[in-house]
Amino acid sequence: MAQERPRVCELLRRPGNARCADCGAPDPDWASYTLGVFICLSCSAIHRNIPQVSKVKSVRLDAWEEAQVEFMAAHGNDAARATYESQVPSFYYRPTPSDCHLLREQWIRAKYERQEFTDPEKQEPYSAGYREGFLWKRGRDNGQFLSRKFVLTEREGALKYFNRHDAKEPKAIMKIEHLNATFQPAKIGHPHGLQVTYLKDNSTRNIFIYHEDGKEMADWFNALRAARFHYLQVAFPGASDADLVPKLTRNYLKEGYMEKTGPKQTEGFRRRWFTMDDRRLMYFKDPLDAFARGEVFIGSRESGYTVLDGLPPSAQGHHWPHGITIVTPERRFLLACESEPERRAWVEAFRKVVDRPMLPQEYAVEAHFKHKP
């Protein structure tokens, strides 16, 4: 049996097999010998939880029977994709190695266990254009999670939630046009925690939600992506699916604590939670605040924005030693990080944004920031 191991390893050199069949991680070391796919260690743990569909072995450490090797040789990642991913909707989120466990688990279960992508009828929960249900939502003031009714309607271009089960009027209407959703399990303290942001009067608002059922939460996420996709198809009729899909939802470029001082740079530095969301740098007193204390637009180098290492010699009152100065056409923002690696990571995130030319619509956002009181 053991002599079959080198033959299994050779199969990894075939086209499609050099990356995990489920999340795309390079150099997969595991395989599902009932599905015929090569997978990474993280995804193999999920496959183990659906033994009725998938049985896994280590490519290099386990003994392989000849029939199992022949099965792997006759299948492989490309063949499995052709079967199990034949009808994945363009808007459906395909997880990467860095995504949270929930997204990877539900993608794997949707593919192999529920076989949602071989039959469009099974995609009804997220492709129907309308969805309603109850989700746990964090209260803005008391921080408690309470059950709230949510309604997503593509026809109205909105996600709404209601404070009482019998309420006629929604507590909030979030326009699909300005909506984003990103999984934040560590920040929210729940493995299915989702942060939804939307713009109200051009300021960012956050809500934090979860559902105990992982499939339910993943379906809500993909329903939001579907609604965004169909909105963008109408808004940009000439754009291809490949152009629109990256705009459906986005993860934040960077989040974490830094210290900041005010515009006069005479008061002491205060510790704040910062979120870099595309060109909006927002800061909050607490990571789970509904509203930002302030927002800074970060434009491009051509428009007079730069990021400098360190703080001016006159800066005082910061406890953390690793400074960053953001220069905008209006003023300088002074920030301080606790460690040098953290400072480097923030500078890299800022420079990515500054080095990117601005889009026409971003000039309109910049103008709004300049006219804010």
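Residues numbered from 1 in each chain as written. Predicted model: local features only at pLDDT ≥ 70, side-chain atom pairs only at ≥ 80, totals over all residues. Heavy atoms only, no water.

- Going by an unreviewed UniProt entry, the protein carries the name ArfGAP with dual PH domains 1 and comes from Myotis myotis.
- As recorded by UniProt, the Subcellular location (unreviewed entry) comment attached to the protein reads in full: "Cytoplasm". (UniProt positions renumbered as here; feature names shortened; annotations may be inferred.)

A few points about the domain arrangement of the protein
Argument step 1. Structurally, the protein comprises domain 1 (3-120), domain 2 (124-247) and domain 3 (254-371).
Argument step 2. For domain 1 and domain 3, the distance between their C-alpha centres works out to 42 Å. (Domains from an automatic or database assignment.)

A short note on the packing of helix α5 (residues 101-113) against helix α8 (residues 214-235)
Argument step 1. Remark: α5 packs on α8, axes separated minimally by 10 Å, with the N-to-C direction vectors making an angle of 95°. By the angle class used here, α5 and α8 are roughly perpendicular. Within the contact between the two elements, α5 uses Leu 102, Leu 103 and Gln 106 and α8 uses Gly 214, Lys 215, Met 217, Ala 218 and Phe 221. (Axes fitted to C-alpha atoms, helices over the stretch in contact; angles between N-to-C directions. Helix = DSSP H or I, 4+ residues; strand = E, 2+ residues; numbered from the N terminus. Parallel < 35°, antiparallel > 145°, perpendicular 65-115°, else oblique. Contact = heavy atoms within 4.5 Å.)

Thoughts on the state of the cysteines
Argument step 1. Per the stated rule, a full pass over the model turns up 0 disulfides.
Argument step 2. This cysteine, Cys 20, is not joined by any disulfide, and Cys 43 carries the nearest cysteine sulfur, 3.8 Å off.
Argument step 3. For Cys 20, a relative accessible area of 1% corresponds to the buried category.
Argument step 4. Counting only cysteine sulfurs, Cys 40 is the nearest neighbor of Cys 43, a cysteine outside any disulfide, at a range of 3.7 Å.
Argument step 5. Looking at Cys 43, the relative accessible area reads 0%, which means it is buried. (Disulfide = S-S within 2.5 Å. Buried < 20%, exposed > 50% of the residue type's maximum accessible area, 1.4 Å probe, protein only.)

Looking at the layout of surface pockets
Argument step 1. Taken as a whole, the largest pocket spans an internal volume of roughly 1,000 Å³.
Argument step 2. Every residue lining the largest pocket is counted, 29 residues in all, and those nearest its centre are Arg 228, Arg 250, Asp 278, Gln 361 and Glu 362.
Argument step 3. Elements with a minimum of two residues in the lining of the largest pocket: β9 (194-200), α8 and α11 (360-370).
Argument step 4. Partitioned by chemical class, the residues of the lining of the largest pocket number 11 nonpolar, 8 polar and 10 charged.
Argument step 5. Built from parts of two domains, the lining of the largest pocket gets at least three residues from each of domain 2 (124-247) and domain 3 (254-371).
Argument step 6. If you add up the space inside the second largest pocket, you get close to 640 Å³.
Argument step 7. If you tally residues by element for the lining of the second largest pocket, the top one is strand β14 (residues 294-297), at 4 residues.
Argument step 8. Along the lines of polarity and charge, the residues of the lining of the second largest pocket split into 9 nonpolar, 6 polar and 12 charged. (1 Å grid on protein atoms, 1.4 Å probe; cavity = no way out; pocket = protein on both sides within 12 Å on 5 of 7 lines; lining within 4 Å. Points joined across faces, edges and corners; volume = space filled by probe spheres on them. Nonpolar A, V, L, I, M, F, W, Y, C, P; charged D, E, K, R; others polar.)

Concerning the packing of aromatic side chains
Argument step 1. All told, the structure shown has 19 aromatic pairs when counted by the stated rule.
Argument step 2. Each member of the aromatic cluster is reached from another via a ring pair, and the members are Phe 91, Tyr 92, Trp 107, Phe 117, Tyr 126 and Phe 229.
Argument step 3. Its guanidinium or amino end placed over the ring of Trp 64, Lys 57 lies 5.5 Å from that ring's centre, counting from NZ or CZ.
Argument step 4. Geometry around Phe 162 places Lys 149 over its ring, the cationic atom sitting 5.6 Å from the centre. (Phe/Tyr/Trp six-rings, centres within 6.5 Å; stacked < 30°, edge-to-face > 60°. Lys NZ or Arg CZ within 6 Å of the ring centre and 35° of its normal.)

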